[in-house]
Every structure is written in C-alpha cells, then in structure tokens.
Amino acid sequence: MMRNPRHIPDKKININTTSLAELDRLPWIGHVLGQRIIDYKNQNGSFNSIEDLLKVGGISQKVFEKLKDKITVW
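What comes next is a walk through the structure. (Residues numbered from 1 in each chain as written. Predicted model: local features only at pLDDT ≥ 70, side-chain atom pairs only at ≥ 80, totals over all residues. Heavy atoms only, no water.)

On a plain count of helices and strands, the protein chain comes out with 3 helices and 2 strands. Burial analysis of the protein chain (74 residues in total) assigns 39% to the buried set. In the form shown here, the protein chain has an accessible surface area of approximately 4800 Å², with 53% of it arising from carbon and sulfur atoms. (Helix = DSSP H or I, 4+ residues; strand = E, 2+ residues; numbered from the N terminus. Buried < 20%, exposed > 50% of the residue type's maximum accessible area, 1.4 Å probe, protein only. Areas by Shrake-Rupley, 256 points an atom, 1.4 Å probe, with all protein chains shown as cover.)

Attention now goes to the nonpolar core. If you look at the biggest cluster of nonpolar residues, it comprises 19 residues, and the most contacted ones within it are Ile29, Ile37, Leu53 and Ile59. Those elements giving two or more residues to this core turn out to be α1 (20–25), α2 (30–44) and α3 (61–67). Not counting residues within four places of it along the chain, the set of residues in contact with Ile37 comprises Leu23, Ile29, Phe47, Leu53, Val56 and Ile59. (Core = buried A, V, L, I, M, F, W, Y, C linked by side-chain atoms within 4.5 Å. Contact = heavy atoms within 4.5 Å.)

With that out of the way, let us pick up the environment of Asn42. Mapped onto the fold, Asn42 is located in helix α2. Each C-alpha atom, one on Asn42 and one on Asn16, is 9.5 Å from the other, the two residues being 26 residues apart in sequence.

Mapped onto the elements of the fold, Thr18 is located in the loop between β1 (13–14) and α1. Here Glu22 takes part through its side chain, which lies 2.8 Å from a polar atom of the side chain of Thr18. If we ignore the near neighbours within four places in the chain, the residues touching Thr18 are Ile13 and Leu23. (Polar contact = N/O pair within 3.5 Å; in protein donor to acceptor, adjacent residues only side chain to side chain.)

With that out of the way, let us pick up the pattern of salt bridges. If you walk through the whole model with that rule in mind, you get 2 salt bridges. Here Lys55 and Asp52 are joined by a salt bridge, their closest N and O atoms 3.5 Å apart. A salt bridge links Glu65 to Lys68; the nearest nitrogen and oxygen atoms lie 2.8 Å apart. A relative accessible area of 31% places Lys68 in the partly exposed class. (Salt bridge = Lys/Arg side-chain N within 4 Å of Asp/Glu carboxyl O.)

With respect to the secondary-structure elements, Ser49 resides in the loop between α2 and α3. Ser49 sits 22 residues away from Ile71 along the chain, and the two C-alpha atoms are 10.0 Å apart.

The structure is reproduced here in structure tokens:
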C-alpha cells in the first residue's frame, strides 16, 4: 500500500527538530511555509511555545488553529 505524501502524522511533530520533508506533510503548510518555519528557527532560535509559530510570515491564526493539535516544541 502506498503512503499518501500529504498524510497527517499520527503523533505530534516537534517544530524545533523536524525536517522540511516532515513539515511539508502537514496539511496547510507545504514546502514554502515549511521552509519559512525552518528559516525563522535558524535565525531566531528554537520556538518556546507552539504559539511562536504565529511569528512566522504566512502562518495566520486560522492556519495555527488547524495545526496546534499536530505540533509540539518538546
């Protein structure tokens, strides 16, 4: 059985340690926003809370609400 590349992960993704490929698999993120998340973390250091994701350009409150149960910073 082939795995859907846009499959929603069963466990939470740590946005401080994840790869671009894993971020790209999250719904509503994709490659461009995934790269922005990684770039933000590289320039500003680790995210202290999942709410810090709102500081990334292109991450709206609406997108954050859809992601908050799928991400962690631990």
